[in-house]
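Now for the letters of each chain:
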Amino acid sequence: MKIVTYNVNGIKARLPRLLEYLAEAQPDVVCLQELKSSDDTFPEADIRAAGYGAVWHGQKGFNGVAVLAKGADPVERQRGLAGEPEDEHSRYLECEVFGLVIASIYLPNGNPVPGPKFDYKLRWIARLQERARALLAEEKPVILAGDYNVIPNDDDTYSVKAMAPDALMQPESRQGYRALVAQGWTDALRTRHPKGGVWTFWDYQAGAWQRDAGFRIDHLLLSPALADRMADAGVDKDYRGREKASDHAPTWVRLK
């Protein structure tokens, strides 16, 4: 079973690339982020025609998350995180499909640092930690998949110096991510590639793709019940190089 997280950076703009990926890679589950689409304008018909059921939590112009499943309709469990009732950002969607609990996560970017956006990011991480703790207590097979907007380690970026001022690499961001993992989650890509050097994102600016100046911010965290079932994990990097592609590449884990 292939589970993918894919920040599409605008589902309407990237729909041809997404449908191409579904047809060629045939993933079983895809967690999408940054739909930049309202609930009403989500392209459900196109995705169904490609053979996938979908649940989505949209927001016009920015944010937005979805869970797609091949030949099945995911069952929604929760949208949004508790803790800030006034928070209307579409950043968390939790579903059940194929006997798995899967969350699609789009963690706040947090720039500029310092400032209210960074404060919001740290509060959001704390809220995610609370939800993750509750999920572990259920002792079910769970995957927390998404764009975490955190570069966990120095070897997860092409340049520590270039990224040092960024919210993605602040000590508080890293500490929040590490505290989450330390609850008992397995970082699939890190486990498969322990020496780092594997990127999931390349900026559109300054020829980042051409220079391979990327970093790792898309993560798949596996609960203990799933960690033993991990067969492989990787990045479908080639899709980043296609015409009008997202600035993220599909990142995946394969389960036995």
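Preceding block: the structure.
Residues numbered from 1 in each chain as written. Predicted model: local features only at pLDDT ≥ 70, side-chain atom pairs only at ≥ 80, totals over all residues. Heavy atoms only, no water.

### Some remarks on the overall build of the protein
How we decide: Comment: elements are numbered from the N terminus, with helices defined as DSSP H or I runs of at least four residues and strands as E runs of at least two. Relative accessible area decides the class of each residue, using a 1.4 Å probe on protein chains only: under 20% of the type maximum gives buried, over 50% gives exposed, and in between gives partly exposed. Contacts between residues were defined by any pair of non-hydrogen atoms, one from each residue, lying within 4.5 Å. Computed with a 1.4 Å probe, the accessible areas rest on the Shrake-Rupley method; for each residue, only the protein chains presented here act as cover. Only four residue types enter the tally: Lys and Arg on the positive side, Asp and Glu on the negative side; His and the chain ends are excluded. Throughout, a charge is located at the NZ atom of Lys, the CZ atom of Arg, the CG atom of Asp or the CD atom of Glu.
Counting secondary structure elements, the protein contains eight helices and 14 strands. Taken along its principal axes, the extent of the C-alpha atoms in the protein is 45 × 45 × 40 Å. When each of the 256 residues of the protein is scored for burial, the buried share is 56%. Within the protein, contacts between residues separated by at least 24 positions form 70% of all contacts whose residues are at least 6 apart in sequence. Accessible area of the protein: about 10,600 Å², with a carbon and sulfur share of 51%. Across the protein, the mean location of the 33 positive side-chain charges is 3 Å away from that of the 36 negative side-chain charges.

### A word on the sheet that holds strand 13 (residues 230-235)
For the record, the criterion: If DSSP finds at least two bridges between two strands, the strands pair. Under this scheme, a helix contributes an axis fitted over its contacting stretch, all axes are lines through C-alpha atoms, and angles between N-to-C directions fall in the 0 to 180 degree range.
Read from one edge of the open sheet, six strands run 3-4-2-1-14-13, paired in mixed fashion. Lying at the two open borders of the sheet, with one neighbouring strand each, are strand 3 (52-57) and strand 13. Averaged over all neighbouring strand pairs, the angle between strand axes comes to 15 degrees, with direction disregarded. Of the strand pairs in this sheet, strand 1 (residues 2-7) and strand 2 (residues 29-33) are connected by five bridges, and their pairing is parallel. Within the sheet, the bridge partner assigned to I3 lies in strand 2 and is V29. Where helix 1 (residues 15-25) meets the sheet, it contacts strand 1, strand 2, strand 3 and strand 4 (65-70), and its direction lies at approximately 165 degrees from that of strand 1.

### Focus: unusual backbone geometry
In this structure, P112 follows N111 across a cis peptide bond, with omega equal to 0 degrees. With an omega of -10 degrees, the peptide bond running from V113 to P114 counts as cis. Take P114: it is sitting in the loop between strand 7 (100-106) and helix 3 (116-138). A positive phi angle is found at E34, which is not glycine, with a value near 55 degrees.

### Notes on the state of the cysteines
Working definition: the covalent bond between the sulfur atoms of two cysteines is a disulfide. Here is the rule: Any cysteine sulfur atom paired with another within 2.5 Å is treated as part of a disulfide.
This model, assessed by the stated rule, comprises zero disulfides. Unpaired in terms of disulfides, C31 finds its nearest cysteine sulfur in C95, a separation of 8.0 Å. The exposure class of C31 is buried, given its relative accessible area of 0%. Look at C95 and you get buried, because its relative accessible area is 0%.

### Some details on the nonpolar core
Spelled out, the test is: To define a nonpolar core, start from buried Ala, Val, Leu, Ile, Met, Phe, Trp, Tyr and Cys residues and group those joined through side-chain atoms within 4.5 Å.
Counting 29 residues, the largest nonpolar core has I3, I102, I143, A188, L222, V253 and L255 as its most contacted members. Setting aside its immediate chain neighbours within four residues, I102 contacts I3, V29, C31, V67, L93, E94, C95, V97 and I143. With 21 residues, the next largest nonpolar core counts I105, I125, Y177 and W185 among its residues.

### Some thoughts on helix 5 (residues 171-181)
Put simply, the rule reads: Think of it as the arc spanned by the lines of direction from the helix axis to the C-beta atoms.
Listed in full, the buried residues belonging to helix 5 are S173, R174, G176, Y177 and L180. Across the axial projection of helix 5, the buried residues extend over an arc of 160 degrees, all falling on one side. Within helix 5, the exposed residues directed more than 90 degrees away from the buried face are P171 and Q175. Close packing links the buried residues of helix 5 with helix 3, strand 9 (186-187) and strand 12 (218-222).

### Digging into helix 3
As a reminder of what qualifies: A helix is expected to span 1.5 Å for every residue after the first.
Here helix 3 spans 34 Å end to end across 23 residues, near enough to the 33 Å set by a 1.5 Å rise per residue. By the burial criterion, the buried members of helix 3 are F118, Y120, K121, W124, I125, R127, L128, Q129, R131, A132, L135 and L136. For helix 3, the elements touching its buried residues are strand 5 (75-79), strand 6 (92-97), strand 7, strand 8 (142-147), helix 5 and helix 8 (224-227). Two residues or fewer after helix 3 comes E139, characterised by a positive phi angle close to 55 degrees.

### Let's talk about the sheet that holds strand 9
Paired through backbone hydrogen bonds, the strands of a sheet run either parallel or antiparallel to each other. The strand order across the open sheet formed by six strands is 5-6-7-8-12-9, and the pairing between neighbours is mixed. Strands with a single pairing partner mark the edges of an open sheet, and in this sheet they are strand 5 and strand 9. Note that strand 9 and strand 12 share two bridges and pair antiparallel. What sits directly across from T186, in strand 12, is L222. Across the sheet, helix 3 is in contact with strand 5, strand 6, strand 7 and strand 8; its angle to strand 6 comes to roughly 15 degrees.

### Considerations on the pattern of salt bridges
Which entries qualify depends on this criterion: The rule for a salt bridge is simple: a side-chain nitrogen of Lys or Arg has to be within 4 Å of a carboxyl oxygen of Asp or Glu.
One pass over the full model with this rule turns up 25 salt bridges. A salt bridge links E94 to R77, with the nearest nitrogen and oxygen atoms 2.9 Å apart. Highlighted residues: E94 in strand 6 and R77 in strand 5, separated in sequence by 17 residues. The residue E94 makes a salt bridge to R131 at a minimum N-O spacing of 2.8 Å. Placement of the pair is E94 in strand 6 and R131 in helix 3, with a sequence separation of 37 residues. Among the residues examined, E94 registers a relative accessible area of 0% and is labelled buried. On the basis of relative accessibility, which here comes to 17%, the residue R131 falls in the buried class. Taken together, the shared-partner salt bridges in this structure form one network comprising R77, E94, E96, R131, E138 and K140.

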